[in-house]
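# Observations on chain architecture
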Amino acid sequence: MAANGISHVNGTLSKVITCKAAVAYGPGQPLVVEQVQVDPPQKMEVRIKILFTSICHTDLSAWKGENEAQRVYPRILGHEASGVVESVGEGVTDMKAGDNVVPIFNGECGDCVYCNSSKKTNLCGKFRVNPFKSVMANDGKCRFRNMDGSPIYHFLNTSTFSEYTVVDSACLVKIDPHAPLDKMTLLSCGVSTGLGAAWNTADVQTGETVAVFGLGAVGLAVVEGARTRGASKIIGVDINPEKSIKGQAIGITDFINPKEIDVPVHEKIREMTGGGVHYSFECAGNLEVLREAFLSTHDGWGMTIILGIHPTPRLIPLHPMELFDGRRIVASVFGDFKGKSQLPFFAKQCMAGVVKLDEFITHELPFEKINEGFQLLMDGKSLRCLLHL
């Protein structure tokens, strides 16, 4: 019996498993929940039983096929999840069947020059986030197949819209056996990305000021991170007036709806803060919003952190000379967390109540209603819709 009262699946070791998955067959087409085959894990791979998965804007972007070069079908999307280990492949020693785990799209092998770079980067030479990757690193093949034997491609090192999935061990984190797995799903992406951006990338300090552009799950996780660090002013910016209610519940001190003011947002923020905020976070994936976020920071020391997913081929709308006034602009991947090294402690902090995870799960649905969950996200009605498998 595994943690959380979930029985370990017996008799599946080294065998192909037939299970349900939500398969994307084309851009914008409804996901098809159907039977697929999942192969056993190969060397340094792990097969896990997914218990909970949630829907992120990155899944939505991939489903829509917004970046044409990333279109690969049929494909199993999904990258926020939690579950238990079903079996491990040759060479995996840091986890075993029955362990509680969280998959991560930005892996950590622990051996490459990037992983050994201390605090210089949280990227990995082999298992970093790669939206173009659609097969396993071990042999360049898929572990998913349709019932006719044809391959189904992988997504973001994880492919969690399936009852079972196979991931590289570098992309899987073992967490406390007593951790509530439904909430731990949020650590796979949204909460870790936003909160980590405040804690690790910006390193917000007590009394500093913050502006968050886009109050989706990632943006609100930034708010949570800034709140826990004691930021004196946290300004939330969103064109959806309903986001102010959720933002206030999590920790914003002020709310700006760009449609309700007659001056540019950056001018309003500069007026409110005496010259601009210490840190702005762009969480909308919109270049015009990015420029407003950059201009809302204080000259001399302001920093803008990019978290939004931006479609190609458009470029940053900044002139190089604008950086000579002391402002900086950076991007943050997975909140600069090193997944396997740091997420287990972060999970314990969440269990201890340092971070409020309950506020982020706004809807829960059975897995079969995944298309309804996508619609909730598109309609701006959900932060995270948790799917039960």
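Moving on, we get to the confidence of the model for the chain. Put simply, the chain has an average pLDDT of 94, and 97% of its residues get 70 or more. Across residues 1-9, confidence stays below pLDDT 50; counting only partners more than four residues off in sequence or on other chains, it has 20 contacts.

A few words now on unusual backbone geometry. The amide bond that connects tyrosine 73 to the next residue, proline 74, takes the cis arrangement and shows omega of -5°. Along the chain, proline 74 falls in the loop between helix 1 (57-64) and strand 4 (80-88). The phi torsion at leucine 156 lies on the positive side, around 50°, for a residue other than glycine. Mapped onto the elements of the fold, leucine 156 is located in the loop between strand 7 (151-152) and strand 8 (164-168). A residue is classified by how much of its surface remains accessible, and leucine 156, at 4% relative accessible area, is buried. Phi at aspartate 203 is positive, roughly 55°, even though this residue is not glycine. Tracing the sequence through the fold places aspartate 203 in the loop between helix 3 (190-201) and strand 10 (209-213).

This next bit is on the nonpolar core. With 91 residues, the main nonpolar core has Phe161, Met184, Phe281, Phe346 and Ile370 as its most contacted residues. A total of seven residues in this core trace back to one element, the largest contributor, which is helix 4 (residues 217-228). Within the second largest apolar cluster, ten residues are counted, among which are Ile48, Val92, Met95 and Leu172.

This part covers the packing of helix 3 against helix 4. Where helix 3 meets helix 4, the axes come as close as 7 Å, and the angle between the chain directions of the two elements is 40°. In terms of their interaxial angle, helix 3 and helix 4 are classed as oblique. Crossing hand, helix 3 versus helix 4: right-handed. Residues Gly190, Val191, Thr193, Gly194, Leu195, Ala198 and Trp199 of helix 3 touch helix 4, and the partners they reach there are Val218, Ala221, Val222, Glu224, Gly225, Ala226 and Thr228. Residue classes in the contact of helix 3 with helix 4 are distributed as eight nonpolar, five polar and one charged.

Conventions used here
Residues numbered from 1 in each chain as written. Predicted model: local features only at pLDDT ≥ 70, side-chain atom pairs only at ≥ 80, totals over all residues. Heavy atoms only, no water. pLDDT = per-residue confidence, 0-100. Contact = heavy atoms within 4.5 Å. Helix = DSSP H or I, 4+ residues; strand = E, 2+ residues; numbered from the N terminus. Buried < 20%, exposed > 50% of the residue type's maximum accessible area, 1.4 Å probe, protein only. Core = buried A, V, L, I, M, F, W, Y, C linked by side-chain atoms within 4.5 Å. Axes fitted to C-alpha atoms, helices over the stretch in contact; angles between N-to-C directions. Parallel < 35°, antiparallel > 145°, perpendicular 65-115°, else oblique. Left-handed = near helix turned anticlockwise from the far one by under 90°. Nonpolar A, V, L, I, M, F, W, Y, C, P; charged D, E, K, R; others polar.

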